[in-house]
Structure formats: C-alpha cells, structure tokens
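Read off the chains here:
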Amino acid sequence: MKNQITNALSDFFFEYETPRQVLVRNRRVGVVCRLIQLGVLAYIIGWVFIYEKGYQSTDTAVSSVFTKMKGVGYTNVSGSERVWDVADYVFPPQGDSSFVVMTNYIITEGQKMGTCPELKGKHNCKSNADCEGGSFKRTGHGQMTGVCVESTKTCEVLAWCPVEDDHDIPDPPLLMSAENYTLFIKNSVTFPLFGVTRSNLVEGIDADYIGKCLHDPKKAPLCPIFRLGDIVKLSGFSFETIAKVGGAIGIVVDWTCNLDVDVKHCKPQYNFHGLYGNPDETDKARASVGYNFRYAKHYMENGTQKRTLLKVFGIRFDIIVQSLARKFDIIPTLTAIGSGVGIFGVATVVCDLVLLYLLPKREFYKNMKFKYTDTHAQK
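Residues numbered from 1 in each chain as written. Predicted model: local features only at pLDDT ≥ 70, side-chain atom pairs only at ≥ 80, totals over all residues. Heavy atoms only, no water.

Draft legend 1. Spotlight on the overall build of the protein chain. Helix and strand content of the protein chain: 10 helices and 15 strands. Counting only residues that meet the buried cut, the protein chain has 35% of its 379 residues in that class. Sequence-distant contacts, at least 24 apart, represent 69% of the contacts inside the protein chain between residues at least 6 apart. Of the roughly 23600 Å² of accessible surface on the protein chain, a fraction of 55% belongs to carbon and sulfur atoms. Side chains of the protein chain carry 43 positive and 39 negative charges; the gap between the two charge centres is 10 Å. (Helix = DSSP H or I, 4+ residues; strand = E, 2+ residues; numbered from the N terminus. Buried < 20%, exposed > 50% of the residue type's maximum accessible area, 1.4 Å probe, protein only. Contact = heavy atoms within 4.5 Å. Areas by Shrake-Rupley, 256 points an atom, 1.4 Å probe, with all protein chains shown as cover. Lys, Arg positive; Asp, Glu negative; His and termini not counted. Charge placed at Lys NZ, Arg CZ, Asp CG, Glu CD.)

Written as structure tokens, this is what we have:
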C-alpha cells in the first residue's frame, strides 16, 4: 500500500504530459472536423460580431422629458357653452412625461355637505332597519344616517349632496375636439460612458420647421409635434372609442445609436403602443374598461362651502425613453476573439471521441495518439 501511494505521488510530481500531433487520413473524421470548425467560425462572425456587436461596449442613457399641449375645445351641454383650454383639460399641468388629456366628463355642480338619499342600486332599503347608522358601503357616497328615504327607497347618507350620478356616460364624447390637439415632446439623452449628449431636436429641426411640421412616420419621422388623433390611430385604436371611457397609450422614444459613425446619425425613433388593452376585444370582454378619475373645484357661496365635481375620462400618455449606444472597444473585441478560439477546441474533442471510441481501428489510433516513455528504462 505504501509503495502504491509513493508511486502515485511520484507519477504526479515527476511526470509531464505533452500533446502529440497525429495526422489522421480519414475522410469522415476530416469532414466532421471541418464542418464543426466552419460552424464555430460562422457563429463567431455572424452572431458574436455582426448580430451581437461583440466588438463594441454598450451604455444606456440618462434622459429627461418634458411635454407641452396645445389646442382649444368647445362644449355645449344643455345650452351651456364652454371653451376648454390647456389649463382645463391637461392633468397635471407641469408638462411631465406622464399626463392625462380629458376627452369626456360627467359634471355635478353645486354640491354641499349635508344629508341626501343615495342613488338607486347603492343603498336600497325598505325600512330604517336596512340602513345601519354610522356605517359605510364601499360603492356608496357617504356615511349612512340610519334613515330610509321613502320617496327613493334608498338610505339617507351624510355626503356631498346631491350625490354624483355617473350611470350614463356622454356618447359621443363631449371633447371629441381633442383629436386635433397637438403634443410637443422635448427629450434629451446623455450617454455618460461615451460623453455624448443628444436631443430629439436634431440637426435640421429649428424653430421654423417646428412651427409648420406634424409628425408622420414616413414623411416627417423626426418632427417632435404629434396630433393626438394620429397617436391613437398609430397605437391601433379608434379615437372615438377610447375618448368615451378613457385609456392609456405609451409613446416610446427609442435611441439606438452606433457611435462608431458620426454622432449626427444618432437620432430617435418614435413608436406608439396601446396600454388600454387589445383593440380587437369588445368592451364587454373586459371587467374594467377605460381610465377615469375625479377632481373637485371648491368655492364659497353665501358663507357655505360648495364644490363642482368632475368625473374625468381621459387618455393617459406615458412617454418612455429606451436607449442603447454602442462603440468600438478593444477589451470586448479581444474577449470575443479569445472565447471564439477556445470554442474551436470543440472540433478536436469531437473528432478524438470518434477516433478513439467509435471507429473500427480505434485501438490502432489510441496507440498512435498516446505514447508512454520511461526515463529509467532509457537509461
């Protein structure tokens, strides 16, 4: 046992293996070897260098976006005429990258704090016993007082009265004129790794051009002014459908730049996606349709606090900036080449397996490939 351990340690420390080149004239093995090498070469050139751009380093941008809406709307509801400007229909008004444009609404005017009957279907009752005083209902408008109103057969509530009735949504939408509003997007990006800063107001886009251009994917793809109707259409939806109950649309500003060429070729591309759902679905196919929210304008009248409540249906726009810049770098280039050279060894491994374990003359090839020497025997 001791001798075996000694011999094993001696072999480990005092023996050296060196590759031996054996030229094998075998057509099948030669074809397999060249096909594998050709496949590896195609992978390195086609996938690593051409498709994945393995010779370049990458960076994503730090970006900022601000927006500006323009357009005026007009409504005439029951003889009450009103003009709506940007301050009325854009929420929030600061020009953020995410905002809502009002396209429809339900207005409840002259609300004041007090007691009044609930809407039918909210708190139906037959007697006061059905109205638990001091309790709330999730879909209700206020706190129940414990009284059942005989005229409406609904519970009385402490709330802003009269309560809002939003069962009937105006159709067609009250602000269909929003289709012709325009949106101006200003976006700047910085690639810190490469020290490059770009704006979507690229070369050739000046004040005169902005004053008369309107974005078109084919005729004016770089114009930063968009008609709302065109945005909705390019996202795959009908403006009238989405304007009635609201929805959400994503505007993607895509900066994919190859900085190995002149930086002026680094330009944005605009894409539009409906985040409202599938345009092929019908409204009945979804449990919750559209986008809406409420806001109130408070005021004092004869010493009483009142408010005007609006349930706003609108289109929410989310401006999303995607970016990827590439530039030649020697380190990823050498890394890609080195890994490719290493993969070439796959051909040798496969061919050795074929030679040593599959071919009829495998014992002959083993004797040719491996040679054992003993320095003590030579002496």
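Next, the rest of the story.
Draft legend 2. Representation of the state of the cysteines. Enumeration according to the criterion identifies five disulfides in this entry. Residue pairing for Cys-213: its cysteine sulfur links by disulfide to Cys-223, the two sulfurs lying 2.0 Å apart. Because the sign of the S-S torsion sets the handedness, a value of about 70 degrees for the bond joining Cys-213 and Cys-223 places this disulfide among the right-handed ones. Here the residue Cys-213 occupies a position in the loop between α4 (207-212) and β11 (225-227), and Cys-223 occupies one in the loop between α4 and β11, the gap between them amounting to 10 residues. Looking at Cys-213, the relative accessible area reads 10%, which means it is buried. In this structure Cys-223 comes out as buried when scored by relative accessible area, which is 0%. Along the protein chain, the cysteines that take part in disulfide bonds pair up as 1-6, 2-4, 3-5, 7-8, 9-10, counted in sequence order. (Disulfide = S-S within 2.5 Å.)

Draft legend 3. Quick look at the environment of Val-253. Structurally, the position occupied by Val-253 is in strand β12 (residues 247-258). Residue classification places Val-253 among the buried residues on the basis of a relative accessible area of 1%. As for Val-253 and Pro-268, which are separated by 15 residues in sequence, their C-alpha atoms are 6.1 Å apart. Not counting residues up to four positions away in its chain, the partners in contact with Val-253 are Asn-187, Pro-268, Gln-269, Tyr-270, Ile-319, Ile-320, Val-321 and Gln-322.

Draft legend 4. Seen up close, the pattern of salt bridges. This model, assessed by the stated rule, comprises 11 salt bridges. The residue Arg-294 makes a salt bridge to Asp-166 at a minimum N-O spacing of 2.9 Å. Remark: Asp-166 occurs in the loop between β8 (154-161) and β9 (182-191) and Arg-294 occurs in strand β14 (residues 292-301); sequence separation between them is 128 residues. In this structure, Glu-203 and Arg-198 form a salt bridge, with 2.9 Å as the shortest nitrogen-oxygen distance. With relative accessibility at 48%, the residue Glu-203 sits in the partly exposed group. For Arg-198, a relative accessible area of 8% puts it in the buried group. (Salt bridge = Lys/Arg side-chain N within 4 Å of Asp/Glu carboxyl O.)

Draft legend 5. Examining the layout of surface pockets more closely. Of the pockets and cavities examined, the second largest pocket occupies roughly 240 Å³. If you trace the second largest pocket, you find 13 residues lining it, with Val-77, Ser-80, Tyr-105, Ile-107 and Glu-109 closest to the centre. Taken together, the elements giving at least two residues each to the lining of the second largest pocket come down to β3 (73-77), β4 (80-84), β6 (98-117) and β15 (304-328). It is β4 that provides the largest number of residues to the lining of the second largest pocket, a total of four residues. Taken together, the residues of the lining of the second largest pocket sort by class into five nonpolar, four polar and four charged. (1 Å grid on protein atoms, 1.4 Å probe; cavity = no way out; pocket = protein on both sides within 12 Å on 5 of 7 lines; lining within 4 Å. Points joined across faces, edges and corners; volume = space filled by probe spheres on them. Nonpolar A, V, L, I, M, F, W, Y, C, P; charged D, E, K, R; others polar.)

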